Amino acid sequence: MPDTTGRLPLLADRAFQAVTALTVVDVVAFLSQERLGRLWPAPVDWLLMIAVIVPTLVLCRRVQTDPASSPVVRRYWRTVRAGIALFVGVAGLRVLYEAGLGDWPLPVSVVLHVIGGLVLTWPLVGLPFSARGRSRKLGVWLDLGTLSAAAGLLIWHFAASRQFAGGPVTVTGTLSAIVIMGAGLNGVYLAAKVVLAGVDSFARRGLYWIGASALTGGLGSAIAFLHPLQPDGNLLVLVLPLAAYAAAVGARVQVVDSAAAARPRSASRGYSLMPYVAIAAVDAMVIYENVSGGRNSILIDGVAVGLTGLVVLRQLIAFRLNDALLARIGVQENRFRLLVQNSTDLVTIGQPSGVLTYVSPASWGILGTDPDELTGADITPRMHPDDRATVAERIATVAEAPGNAATYQARLRHADGTYRWLEMISVNLTAEPSVGGIVSNARDITETREVRDRLSYEAGHDRLTGLVNRARFGRRLAAAVAATGADLPVSVVLVDLDDFKLVNDTLGHVAGDALLVHVAGRIRACVRPTDTVARLGGDEFAVLFEGIAGPDVDQVLIRIRSALLEPAVIGGEPMTVHASFGVVDGSDGVDAGELLRRADIAMYEAKDRGEGGCERYRPGMEARGAERRRRAAALQTAILEDQLVTYFQPVVTLPDGRITGAEALIRWQHPVEGLLGPGAFIDLAEQTGLIVPLGEWVLRAATREAATWPGGLKVSVNVSARQLRECGLPAVVAAALHDSGLPSHRLTVEITESVAVGGGATADNLQALRDMGVRLSLDDFGTGASTLTLLATCPVHQIKLDRSFAPDGGSEAIADAVAQMARAFGLEAVAEGVETEEQVACLTRLGYDRAQGFHFARPMSAADLRERIGTAAVKPSLP
């Protein structure tokens, strides 16, 4: 039974209410006059018919202008409206005739009646069948033939044959019988066509009323005109209002069904009861005629036999159609089965309780489980405990009404014990008899979820250490600051590793990354699970403490510093980590950005104090930071404006003291503070990166000056770790040698041991300098990673004993060991920090080739050095 939910009530329209009431009045009036005799003048009957037709025209116009109806429907009802309007003229002419205004209105009304009938018949003839296929169309034609034959027999028996009753056959009677038969069969044909075949775009309920209108108007008009045994009143005053009312009902039904979108598509049916009803009627006539001995028994028997043959033929066609339909259904079912069985999506049918009644074979691929094992079982225990409430809520929503649907995600346990993420779409099809449950389609989105979760994690975490990154730390800090109160203090600590760049330069970036991971683990192990540890970038870390401040934070920092100082093997080398800490406590009115800025200021203050320092932010620290920035700007200006001065300390032979070269040392001729030693600005240059242009300046100044020295005197220039990791260092050295004209073998580049053990760009640069002919020297030997492996692998020409190991009356073991290693590897041994004659004698005895120190000469200007050059030896300088 079609769902009529949402349809407008049929009687809600006032025009339809009016036509219904007037039709009832017309029928009652006609029957009353047939029984009681005429109650009013005849024109009143025709005026009452006009009253029925007028609201019918209104209803037809509403269909004609209804935007919800299709164009073919609107065109049909426009024609019907025109045909019905002609019958208003017919009734008007009849009023004139019955009023005694002459005989001419009667024939004119008959002609107008026939024209109106043709106008109403034409659109029905032109309506297309909705039946598709030759077999279905043939079946419809057989049904029409069956009905027409049965109807023709009935019309002949009860109407047309009466034209010959009681007298001889006349031309007039014959013509009357033909007209009755033709009009009746035409009405039956038209009615059966729209009812049996159906017409696309029309409401099926409306088609029934259209057929009833055609049958009533056609057959009724023929009988009213020609039947010799009419009632006392004119039968047309009953037939035409009833036909008009049937049309009015059809128009109203079309509007109602179109407005509610409840009209089912008109489709050809595999069978119809109407042909069988016609057969039953003919069979009843056969029995009646045989019992009563009527004169039409032969005709009736012949028609009955013919109709039986038509029905048998129709049944055979129906069987053929059913076979074709069953075959098509079988193909479709097989196609659906193959699609479901070979789909990668899991299809299930279940009850709201969670019990599954059908599971597709995709359960093997998605859950690793046999579908038979899942069928009849409750799926809830296989769901992840965290998802059960959500799934139950979604299923409850779906189960509320047929057609409800929901999309959700949940985890189901795989046969291997893991959980797989599924995206599911559930639809309530409990109202469908072939389904009777909730259908769910699920696809595996585990990989998609993992990628999404990984991207989400990486967006807020550092890839190397797994710590929170700067962006997420900022969000957490902002949230913590917003909740700051007396009972929930906030503290921020910035941690910066000391000399981390040196690790990268000497041991390579792999070792540097390993060190960062090591530091991250040590810091995380020292804080509470509720504290946030982040890597802000490079070698800078941050810790957010919520709920503690002051001394409590200081105790945690002590643990962190102690943990970092515990030796760890990084890149094959034992290493301890020094770090500088900047601490700031949150306060009212200070936002997250300001807290980070203050912690940064405190951290740089700790760095200025030396390795492993810790400073808590205090008002006024900004001024020191500003002073550092001002100092850095002044140093940059000094480099650009040649405020720097090169000093030289001679290197002499032992024991005679002959000058063989000098080490270049930098000074800053400050315009206000005077001559400043390297201790006043080298650390600042390292921190700000100005050490690179500063080193290049010293290199060019030293090579220019050394090029003026006589003989083969050499010049030594210190190169920092930052310079050595610059890929362009060999080119800078080559340019300085080329511009000054100094031979490469007269330039010695001094590096520290910690720099020499590095790999990567540092090792490449050292080899490039050696290939260029530049001499390499290990400065401050003995203070760093002094190993035999270093001397065997580092391409140096010279080692310089650190001043702290120069013999001064104590143990000579280190100085002696260094000298022996130098001889073993064929390297020059130079002693630094020589200040006494006794040290000279001891070093000479140990086998040192060269020495430098205050005993021979203090650092001096280039002019002073030029004055001394040329003497065979350098006299000891005054204390």
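What counts, and where the lines are drawn
- Residues numbered from 1 in each chain as written.
- Predicted model: local features only at pLDDT ≥ 70, side-chain atom pairs only at ≥ 80, totals over all residues.
- Heavy atoms only, no water.
- Salt bridge = Lys/Arg side-chain N within 4 Å of Asp/Glu carboxyl O.
- Helix = DSSP H or I, 4+ residues; strand = E, 2+ residues; numbered from the N terminus.
- Buried < 20%, exposed > 50% of the residue type's maximum accessible area, 1.4 Å probe, protein only.
- Phe/Tyr/Trp six-rings, centres within 6.5 Å; stacked < 30°, edge-to-face > 60°.
- Lys NZ or Arg CZ within 6 Å of the ring centre and 35° of its normal.
- Pairing = 2+ DSSP bridges.
- pLDDT = per-residue confidence, 0-100.
- Contact = heavy atoms within 4.5 Å.
- Axes fitted to C-alpha atoms, helices over the stretch in contact; angles between N-to-C directions.

To continue, consider the pattern of salt bridges. Enumeration according to the criterion identifies 27 salt bridges in this entry. One salt bridge connects Arg535 with Asp462, and the closest N-O pair in it is separated by 3.2 Å. Separated by 73 residues along the polypeptide, Arg535 in strand S7 (residues 532–537) and Asp462 in the loop between helix H14 (446–460) and helix H15 (470–482) bring together distant segments of the chain. An identical accessibility class is assigned to Arg535 and Asp462; each is buried. Across the pair Glu594 and Arg598 runs a salt bridge, and its minimum N-O distance is 2.9 Å. Here Arg598 and Glu594 lie together in helix H19 (residues 592–609), a separation of four residues that amounts to about one turn. Each of Glu663, Glu750, Lys800 and Glu832 takes part in a single network of salt bridges with overlapping partners.

Here the structure, examined in full by the defined rule, presents three aromatic pairs. Positioned above the aromatic ring of Tyr647, the side-chain terminus of Arg667 is 5.4 Å from the ring centre. Here the basic side chain of Arg858 rests over the ring of Phe854, its NZ or CZ set 4.1 Å away from the ring centre.

The next thing to look at is the pairing of strand S17 (residues 747–752). A regular strand places its side chains on the two faces of the sheet in alternate fashion. For S17, the buried fraction is high: five of the six residues fall into the buried class. The pairing of strand S16 (residues 714–718) with S17 spans four bridges and is classified as parallel. Note that in S17 the partner of Val715 across the bridge is Leu747. Pairing geometry for S17 and strand S18 (residues 775–781), over five bridges, is parallel. Its bridge partner lying in S18, Thr752 is registered against Asp779.

Let us now look at the confidence of the model for the protein. On average, the protein scores 80 in pLDDT, and the residues at 70 or more come to 74%. Ignoring residues within four places in sequence, the model shows residues 227–232, a span with pLDDT below 50, making 16 contacts including any to other chains. A low-confidence stretch, residues 262–270 (pLDDT under 50), is modelled with 29 contacts involving residues beyond four sequence positions or located in other chains.

Moving on, we come to unusual backbone geometry. Omega for the bond connecting Leu654 with Pro655 falls within 30 degrees of zero, at 10°, which places this linkage in the cis form. Within the fold, Pro655 resides in the loop between strand S13 (644–653) and strand S14 (659–670). A positive phi angle, close to 55°, is found at Asp642, a residue other than glycine. Mapped onto the elements of the fold, Asp642 is located in the loop between helix H20 (621–640) and S13. Classification of Asp642 as exposed rests on a relative accessible area of 55%.

Here the focus is the sheet that holds strand S1 (residues 346–350). Within the open sheet, the five strands sit side by side as S2-S1-S5-S4-S3. Their pairing is antiparallel. With partners counted over all chains shown, the strands left at the sheet margins are strand S2 (356–359) and strand S3 (405–413), one partner each. Averaged over all neighbouring strand pairs, the angle between strand axes comes to 25°, with direction disregarded. As defined by bridge partners, strand S4 (residues 419–429) adjoins strand S5 (residues 437–444) across eight bridges and the pair is classed as antiparallel. Its bridge partner being in S5, Ile425 is matched across the sheet by Asn441.

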